[in-house]
Every structure is written in C-alpha cells, then in structure tokens.
Amino acid sequence: MIELITVKELIGRLAQTFDSGTIEAVKGPTSLYGGLILGLIFGVVLQKARLCKYDIVSGLFRLQDFTVFRVGTPIIMVSVVLIFFFSEMGVFELHVPKTVIVPQIIGGLMFGVGIAIMGYCPGTAAGALGEGSLDAIPSILGMISGAVLYAEFFHDSWENNFLRWGAIGGKTFYEILGISPWYLVVLFLLMLTMFLIATTMFDIFIVFLRRTFNLFMEMTDALEEKVPPAAKPIARSTVETVKKFRQNLRDIFK
Amino acid sequence: MKIPIDPTNRGSLIVGAIAIVMCAVLSIVLVSGWPLMLALSVVLVARPKWWSILILGFAYTVFLNSGWPLLGSLFFIAVCKPKRWWPIPAGIAFALVEVFSFYLSDRPLGITRGFTAMGSIAESLIYPEHANKVSYWGIYEPVIDWTMALIVGVTIGSFLSSKYSGDFRLNTVPYLWSFSKGNSVVKRWLWAFAGGMIMGFAARIAGGCVSGLLISGVVQLAPAGFIFMMSLWVGGVVTTFLFYRTRVVAVRKD
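One structure accompanies this document, and this report is about it. (Residues numbered from 1 in each chain as written. Chains lettered and ligands numbered in written order. Predicted model: local features only at pLDDT ≥ 70, side-chain atom pairs only at ≥ 80, totals over all residues. Heavy atoms only, no water.)

**Things to note about the overall build of chain A**
Assigned secondary structure in chain A consists of eleven helices and two strands. Moving toward the C terminus, one meets the helices and strands of chain A in the order α-α-α-α-α-β-α-α-α-β-α-α-α. Taken over C-alpha atoms, the radius of gyration comes to 30 Å for chain A, far larger than the 18 Å a tight globule of 254 residues would show. Taken over the C-alpha atoms alone, chain A extends approximately 90 × 75 × 40 Å along its principal axes. Of the contacts formed within chain A by residues at least 6 apart in sequence, a portion of 61% connects residues at least 24 apart. For chain A, the accessible area works out to roughly 14700 Å², and carbon and sulfur atoms hold 70% of it. Between the averaged position of the 21 positive side-chain charges in chain A and that of its 21 negative side-chain charges there is a distance of 15 Å. (Helix = DSSP H or I, 4+ residues; strand = E, 2+ residues; numbered from the N terminus. Rg over C-alpha atoms; globule rule 2.2 N^0.38 Å. Contact = heavy atoms within 4.5 Å. Areas by Shrake-Rupley, 256 points an atom, 1.4 Å probe, with all protein chains shown as cover. Lys, Arg positive; Asp, Glu negative; His and termini not counted. Charge placed at Lys NZ, Arg CZ, Asp CG, Glu CD.)

Structure below.
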C-alpha cells in the first residue's frame, strides 16, 4: 500500500531540502565550493552581457561601442544601494580597498595600456577561454608572468617608498567628508541615471549608423554579383582614358 | 541490427565509454560517488540541451541532498537560451552576483589574486628554494584558494552558457584585431602575451583588477575605485589611438 502524504507534509519536505544549513556549509572567505558556485553564476552573467568578447571591450576604447558602459552603470546603481542597505541592516560588512594615490594612477594607466592591446580584463580572459577565444591562453600566461616579474624584481625596492606615495588607507568618501553615505548615494544615482541615458542614446545612434553602413555594403555586393560579365566595362588603354577624360572636362566647362 | 554511429567518431566514443567505465570502477573502489558524478557532468555538459541540464540538476540534487542545484538548473534553462541579454538586465544580474558574493563569501569579487597565486604555485613547483626567499610570496602563499576556484567557475560557466545558446565558436584571432592588425595568429598571440604582462604588473602595483578594485571600490564609494577608473579610461583610449593608428574605426557586422 502506498501511503498518501498530505500537501502540508510535502511542502515541509520540500522546505527541508532548501535548508539554510546547506548555505552555511559553503559560507566564508576560504570555502572553495562557495567560490566555484559564485564563479559559475559570474561566468554565465559575463557571457550573456557579452563582456568576454574582444570586439566589445576594444570597441569601447575605440569609442564606437558603449555596451560596457551600458552594462556597468546599472551594476553600480543597483549594488551601491543594496550594499549600503544590507551593511546598515548588519547582514555583512564592507571591505573597502586601500587607497594609494600615485601607484593607483600609474597602475591604472598601465592597466589601460594592457587592456587596449589585449582586449580582456583578468576576469573576462577566463570567460573568453570558456567561450572559445583561444587567444585568452597567452593573455592568462602573460598576466601570471607579469605578477611573477613584479614579485621577483620590483616589490622589495618599491615596498617602502613608491607604493606609499599618497597613501590614505581604507577610507571612503563619506568618512573623509564626515557625512551619511546616503547623501552621496542619492547624488551618485542621479549622476549615473543621466550618464546611462546619454550613453544609451549615443550607443543606439552608433548601432543605427553601423546597421545602415552594413546594409549599403550588402546592397553593393549584391548589385556587383548581378552584373553579367559581358556588361563589365572593357579595359581601355591609358591614352584612350585620358582622351575621354579631357572630352568630359570640355563638356563640363562648355 | 546495426547501431547508427558515425564511423569517424567511433574512436572518441570508445575512449569516452572506457573513461566512464573507469570512473565507475573508481567510484566503487573509493566508495564515493564523485568520479561518476564528474563523468556524468562532463558527458552532459559537452553538448547541453535543456533535458541534459535538467538531468544534471536532478542528479546533483539527489547526490548532495539539497534542492539548490535543481532550482539553479531550472533557472538556467528558463533564462539562458538567448545569445545575449540586454545591457540593463545583464547589469542588474551582475550587481546581484556582486552582492551575493559579499553575503556568501564575505569578500568582493576579485580575480587577479588567483593569477598571482598561480604564479606563486608555478614558481614554488619549479624552484622551491628560491621561491621561499621571495618576500612577496609571503603575502600570496602558494595555496589553492577561493579566487582560483572562482576562475575555474567563470570558465565553466561561460562555456556552459555559450554552448547552450549556440554562441560558442573556436577562434584564434578576434574580428576587430584581424581588421586592424592582420590575420597573423603569431602576432596576435605575442601581443596578447605582452599586453597580459603589462596588465599583470599594473594590477600588482595598483592592488587589484577591474572587478576587485574598480567595481568593488566604486560600489563602496572608496577613492581607490574612482582614481583607478579614470586613469584606466585615459590610458586605454590614448593607447588604442596610438596603437591602432588609422585603423581604429572598424565597422563590425552584427
């Protein structure tokens, strides 16, 4: 005899499988499973946002494709609100990166050089490898060897002078100004909304131009294919061409 | 009765079958299901359809005794079929991943630390006596940590997503690069290596990469993120216009 279970018990059993203990098991900054799960979701999102493509990232720096800005602005808008909300609720703490002005300016400039040549950031290089772009392999090897180069030859001599020029420490803007973070968040949201609208309009305009150009190119290709070989202009000698040109000029200025 | 198998593909089928049998034997010997589950995942992920993802999620749900894999696979089936998401939904998904990383692993998403630790591991494998003397490897110990699991997860997630939506394409030279710099594979790979080297070096000076310093810094309103963002933007645009010269403008086919 099969025992019939009530709906209430079924829901109870379902709720047991989604136990919070399974989340607790992968929690924490050292858990490898937590990293793997986060990486899976992160890879899917990166691929769907098309950030893993050289054409998109390089198109941003060629000023002709603003997909990266159109993805990046909502990231900041949503997560700035959620992170400050949850940190005030006490769900998690902030982990503010340390500010060192001079090395970060120089490092940012060099990072821009690398991204202009290579077309991948460190995160999207891993994603591009999964997507089938094999040129991510030398990029990843290059990043590893760059880090090794720094550790071997530069870290010891720079540790106490260059890397401390303009060190502020792990401070944020609202701590420096001494105000509540929500003022800055609201200001930031207003600025980013305007920026998002502007970049979206600009990007749609560029896409329109590109589509039009492609359409004309396809039309000319199709027309050239339709012309029969006999109707093509026969190659003339240069003397005849010059004669014809002069004739045309005379016709114009008559 | 003949089984309709493509004769050119028979060798790989036999190799796959032998591998699965080996994994089954290994699971029985070790009294753990992991080798068999791994073989099942590889077989089902190689050409993902909606039913194979569903089977995989169900198998992991039964195996791990938790409902989350099934829920995740259902979500993946429902959402990931299109080749691209629009930028704003993709950005919101990215922001949710960032907040989820704060909640689950108590740290912002960051990739470059994993590459640095890979360099540390490589050096301590090749030349352990010397690697012990380098002071920088005291900060980045040669241990497989969270960020490396994140990198593996990003690669697998991107592969899964691109295979499922039919966006996966093996290529060695990106389209825009072949427009600007020619079709040579060696040239592209050498430049990618050089760019990666500059990028790895710069990331070590600044103390993070795009996800670890820029996004997490801007999101927490730290000056570090803003400084890095501005200098990256300036460096990237200037280098792009110096590096590609007259070939900067390239019309991509959609």
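That shown, we press on.
**A short note on the overall build of chain B**
In terms of helices and strands, chain B carries 13 helices and zero strands. For chain B, the N- to C-terminal ordering of α and β elements is α-α-α-α-α-α-α-α-α-α-α-α-α. For the C-alpha atoms alone, the extent of chain B along its principal axes is close to 65 × 50 × 40 Å. For chain B, the proportion of its 254 residues judged to be buried stands at 47%. Counting only contacts in chain B whose residues sit at least 6 apart along the sequence, the fraction spanning at least 24 positions is 48%. For chain B, the exposed surface amounts to about 13100 Å²; the carbon and sulfur share of it is 73%. (Buried < 20%, exposed > 50% of the residue type's maximum accessible area, 1.4 Å probe, protein only.)

**Remarks on unusual backbone geometry**
Backbone geometry follows two general trends: most residues other than glycine have a negative phi, and most peptide bonds adopt the trans configuration. A positive phi angle is found at A:Leu63, which is not glycine, with a value near 60 degrees. Among the secondary structure elements, A:Leu63 is positioned in the loop between helix H4 (54–61) and helix H5 (67–89). When its relative accessible area of 37% is taken as the criterion, A:Leu63 is described as partly exposed. One non-glycine residue, B:Asp106, lies in the positive phi region at around 65 degrees. Mapped onto the elements, B:Asp106 comes out in the loop between helix H5 (87–105) and helix H6 (112–126).

**What to know about the side chain of A:Thr199**
Residue and element names in this part refer to chain A. With respect to the helices and strands, Thr199 occurs in helix H10 (residues 181–226). Only 3.1 Å separates the side chain of Thr199 from the backbone oxygen of Leu196, close enough to count as a polar contact. Among all residues touching Thr199, those that are not within four sequence positions of it are Phe69 and Arg70. (Polar contact = N/O pair within 3.5 Å; in protein donor to acceptor, adjacent residues only side chain to side chain.)

**Thoughts on the interface of chain B and chain A**
Think of interface size as the accessible area that goes away when the parts come together; that is how it is often given. If you look at the interface, chain B gives 128 residues, while chain A gives 126 residues. Taken together, the two surfaces of chain B and chain A that pack against each other cover about 11400 Å², and 74% of this comes from carbon and sulfur. Here B:Arg188 and A:Asp135 are joined by a salt bridge, their closest N and O atoms 2.8 Å apart. The tally of links between chain B and chain A comes to 33 residue pairs in polar contact (both at pLDDT 80 or more). Partitioning the side of chain B that touches chain A into residue classes produces 81 nonpolar, 33 polar and 14 charged. (Buried area = accessible area lost by both parts, 1.4 Å probe. Salt bridge = Lys/Arg side-chain N within 4 Å of Asp/Glu carboxyl O. Nonpolar A, V, L, I, M, F, W, Y, C, P; charged D, E, K, R; others polar.)

In short, the description is geometric, and any link to function would need to be established separately.
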